[in-house]
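# Architecture at a glance
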Amino acid sequence: MSQPGVHRSTIRFLAGAMVLVGIALVVRAITSGGGVLSVGVLMGVLFVAAGLGRYWLTVRGG
Amino acid sequence: MTGRDEVQAQRVGPLGLFSLVYTTSAAALYFALGLIADKALGLTPLVFLAGGLFLGLAAMSYTEGALGHPEPGGSSSLARHAFNELVSFAAGWAVVLDFLVVMALAATTAAGYLGTIWAPLGHGWGRALTAGLVVLYAVVANIRGANPSATRNRIVIAVADIGVQAVVLAVGLVFLIGNAGLITKGVDLGVSPTWANLVYALTLVTVAFTGLEAAASLAPEFRMDGRGVKRMLVGGVGVIVVLHVGIACVALAAVPVQGGATALGSEWLNAPLVGVAQGLSAGALGDILAKVVAISGFIGLTAAVRSAMLGLSRLSYSLARHRQIPRVVARVSSRFGTPWLIIILSGLAATGLAAPGNIKMLAGLYAFGAMLAITIAHLSVIKLRWTGVMSPGSWRMPLSVGMASRSVPIPAAVGATASAAAFIAVLVLHPAARVVGSAWLAGGVLLYIVYRLLTGNSILGAVEVSERALTYSDEAASYGSILVPILGTDLDDDIVQTAGRLAGSRHDDLEENGAVIEAIWFHEIPLALPLDASISREQTELALTALRHAKAVGEEYQGVTVSTAQVRVRKLGDGIVREAKRRGVDVIILSAEEPTRAARTAPAGIGRQVGLGEMTRFVLRKAACRVLVTVPSTNLEGTRSRDDEDEAGEAE
């Protein structure tokens, strides 16, 4: 696999992991009694957004 | 090809540009984290986030300005086009301060990081010596002028990209596994941190912006289309913001706020990331991690000193080209193609600033310069957009509103308001910045005004010196004495500069081999009057002003002396020939009449004859010495372009 290929694959893997961690944060915050505006939920949403955004940039050639 | 040509031949794409901004921004974390955490406490991540938004606004203005006016100089160049030379100088001078402060900060904290491995290097004389050696390395590297390769840029990008996401993932896992409320611990807004400290921290976070100035200084070498701009703004700024916020979260998790303070701002102020490494894992693993961070911090900060010095040398070169600082300080080495003197001077200044090791004072000074320069940059872009003075088809930032058939960029307006407010906050909240920063600015403006007046240039008007005038040239022959007739026209500068280049010697550092330029104003006395007839006061004043200006221009060339005189003659051509013979000069330099269109389209030999006037032909025919004729280029509309190269004709 070429060097750019390794880079792209690694980035996609990490972006996917960020989405999963974000979902887990939201689930944990809610199951622990946190509200919609709790830090865990907000961080989780940001993680999901960041992961999806980075994946989108990779697909678009970024 | 000389080193300088090679530099000029290189073009900078989005990745190279991002690499430069990223290197500086990431390195800034190594010294800014402790300073900001000291003030913002539990709100440190939010302060970095707000700083990131501010960075995004500034990046948009710098990018629109740099692509619309692709010249080196950053905010100084934008202000020149939008306002005048004085505002341009103020912006440039503020950024000069920032580059010096960043060098001092980075060199001091580089010593701090090494000091965590061997304590004597991080304290007292050891710290000052280490910082001095870091600056010395940057001086040598910048004078040699080697640039990062494209491969290095790609590696930096790839490692940074992956590294940032790994850090963010680590933050997420810390939250997921540990206590999710950890980073908000100790936050009692208005008390811990206080409002004043919070505002102050917001101004410090802009320390990452030197990367923007350094990047903007590369504007003439940009190679970017609209897609590249979007990639740099969205991807680049996004990566930097995520990095800063992510590391701030990790830092507060590792070194939490306790009792209204964090050790990041005290014990670990000079090496905050080592404190974070030790806080994350205890025992041998923590020690190894801390040493790795210390070494990487030292390397990164040394690179940051070098990057800041590169930005400073480019900015100084731009200031010198526009007669805002004496050209001699930005003289370019013919061997390396770099402004060696300004690099050495900035190295000395940075070493002096780093010696006391007071990084809190330095950070305040930085905020002073950054806020001023960024405010001017935003206002310049607003003015340029309003007046429509941008390159046609160049990139424009989104979100503009139309007012009276003109356009106002909202991001620049918001950025200008925020940075102006932050500048006022710095003045109010930081005594050192208020006193030292104001003194730096006032002193610089005073020197600028004196320099402009002494050289006979307008304080507000634009003056430009050709690049060749700043470069020693191997091709130029050296002459002991040169006669230059001063005619009081715009072309006087050109012929005096040509004379200066010819007079300058590569070995004239001791001014032993410098030449004399005889700048002479010839008063043509009609035959109807005696040769000693009185000359009007206006004519005398005109001659004196032109000669003073010629002297100032000529003597900016190293080792060159300009002597001035007024001579009465019947015919200009005859007078020049006689005066040259009487003074025994080696060469006469004349500015020929502007060639007509017919002359330019005619075959070379004929064109020369058609284009030269009677006086020039007379001097060429009669002079006993060499005669150089500079012929100004003319475009098709018949107007003379300032940047056109002289064409030199020569006759024995």
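Above: the structure in question.
A short tour of the structure in this document, coming up. Everything numeric here is computed off the predicted structure, so don't read it as measured data. (Residues numbered from 1 in each chain as written. Chains lettered and ligands numbered in written order. Predicted model: local features only at pLDDT ≥ 70, side-chain atom pairs only at ≥ 80, totals over all residues.)

### As for the overall build of chain A
Along chain A, the regular secondary structure elements total 2 helices and 0 strands. Taken across its 62 residues, chain A has 23% of its residues classed as buried. Taking the intrachain contacts of chain A between residues at least 6 apart in sequence as the baseline, contacts between residues at least 24 apart amount to 52%. (Helix = DSSP H or I, 4+ residues; strand = E, 2+ residues; numbered from the N terminus. Buried ≥ 20, exposed ≤ 12 C-beta atoms within 10 Å, placed from the backbone. Contact = placed C-beta atoms within 7 Å.)

### Structural notes on the nonpolar core
For soluble globular proteins, the rule of thumb is that nonpolar side chains tend to be buried together. Of all hydrophobic cores here, the largest spans 146 residues; its most connected members are Met103(B), Ala106(B), Ala107(B), Ala251(B) and Val305(B). The contacts of Ala107(B), once residues within four sequence positions are left out, are Ala131(B), Val134(B), Val135(B), Val305(B), Ala350(B) and Ala354(B). (Core = buried A, V, L, I, M, F, W, Y, C linked by C-beta atoms within 7 Å.)

### Structural notes on helix H13 (residues 340–354) of chain B
All names here are of chain B. The end-to-end C-alpha distance of H13 is 21 Å, a good match for the 21 Å that 15 residues give at a rise of 1.5 Å each. Trp340, Ile342, Ile343, Ser346, Gly347, Ala350, Thr351, Leu353 and Ala354 are the residues of H13 that are buried. Lining the buried residues of H13 we find helix H5 (85–115), helix H6 (124–144), helix H12 (283–321) and helix H14 (359–387). (Expected span 1.5 Å × (residues − 1).)

### Here we look at H6(B)
Residue and element names in this part refer to chain B. Taking 1.5 Å per residue as the helical rise, H6 with its 21 residues ought to reach 30 Å, and the 31 Å between its terminal C-alpha atoms agrees with that figure. For H6, the set of buried residues is Arg127, Thr130, Ala131, Val134, Val135, Ala138, Val139 and Asn142. Summarising the contacts, the buried residues of H6 are in contact with H5, H12 and H13.

### Some words on the pairing of strand E3 (residues 481–486) of chain B
Residue and element names in this part refer to chain B. With 5 of 6 residues buried, E3 lies mostly within the body of the structure. Of the strand pairs in this sheet, E3 and strand E4 (residues 516–524) are connected by 6 bridges, and their pairing is parallel. By the bridge assignment for E4, Ser481 is matched with Val516. Pairing of E3 with strand E6 (residues 587–591) involves 2 bridges; the strand directions are parallel. Of the residues in E6, the one forming a bridge with Ile482 is Val587. (Pairing = 2+ DSSP bridges.)

### Observations regarding the packing of helix H4 (residues 75–82) of chain B against H5(B)
Residues and elements named next belong to chain B. At a minimum axis separation of 7 Å, H4 and H5 run at an interaxial angle of 170°. When the axes of H4 and H5 are compared, the pair comes out roughly antiparallel. Judged by residue contacts, Ser75, Ser76, Ala79 and Arg80 of H4 engage Glu85, Val87, Ser88, Ala91, Gly92 and Val95 from H5. Of the residues in the contact of H4 with H5, the class split is 4 nonpolar, 4 polar and 2 charged. (Axes fitted to C-alpha atoms, helices over the stretch in contact; angles between N-to-C directions. Parallel < 35°, antiparallel > 145°, perpendicular 65-115°, else oblique. Nonpolar A, V, L, I, M, F, W, Y, C, P; charged D, E, K, R; others polar.)

### Looking at the environment of Val19(A)
Looking at the secondary structure, you find Val19(A) in helix H1 (residues 3–31). What makes Val19(A) partly exposed here is the crowd of 18 C-beta atoms within 10 Å.

### Thoughts on unusual backbone geometry
Of note, the phi angle at Leu399(B) is positive, near 60°, even though the residue is not glycine. For Leu399(B), the location among the structural elements is in the loop between H14 and strand E1 (400–403).

### Quick notes on the environment of Leu531(B)
Residue and element names in this part refer to chain B. Structurally, Leu531 is set in the loop between E4 and helix H18 (537–554). Overall, the presence of 10 C-beta atoms within 10 Å leaves Leu531 in the exposed class. The sequence separation of Leu531 and Arg568 amounts to 37 residues, and the corresponding C-alpha distance is 6.7 Å.

### Observations concerning the packing of H5(B) against H12(B)
All names here are of chain B. Closest axis-to-axis distance for the H5/H12 pair is 8 Å, and the angle between their directions is 160°. One element, H5, and the other, H12, form an angle in the roughly antiparallel class. As H5 packs across H12, the resulting crossing turns out to be left-handed. Looking at the contact of H5 with H12 residue by residue, the class counts come to 20 nonpolar, 5 polar and no charged. (Left-handed = near helix turned anticlockwise from the far one by under 90°.)

Any link to function would need more than the numbers given here.
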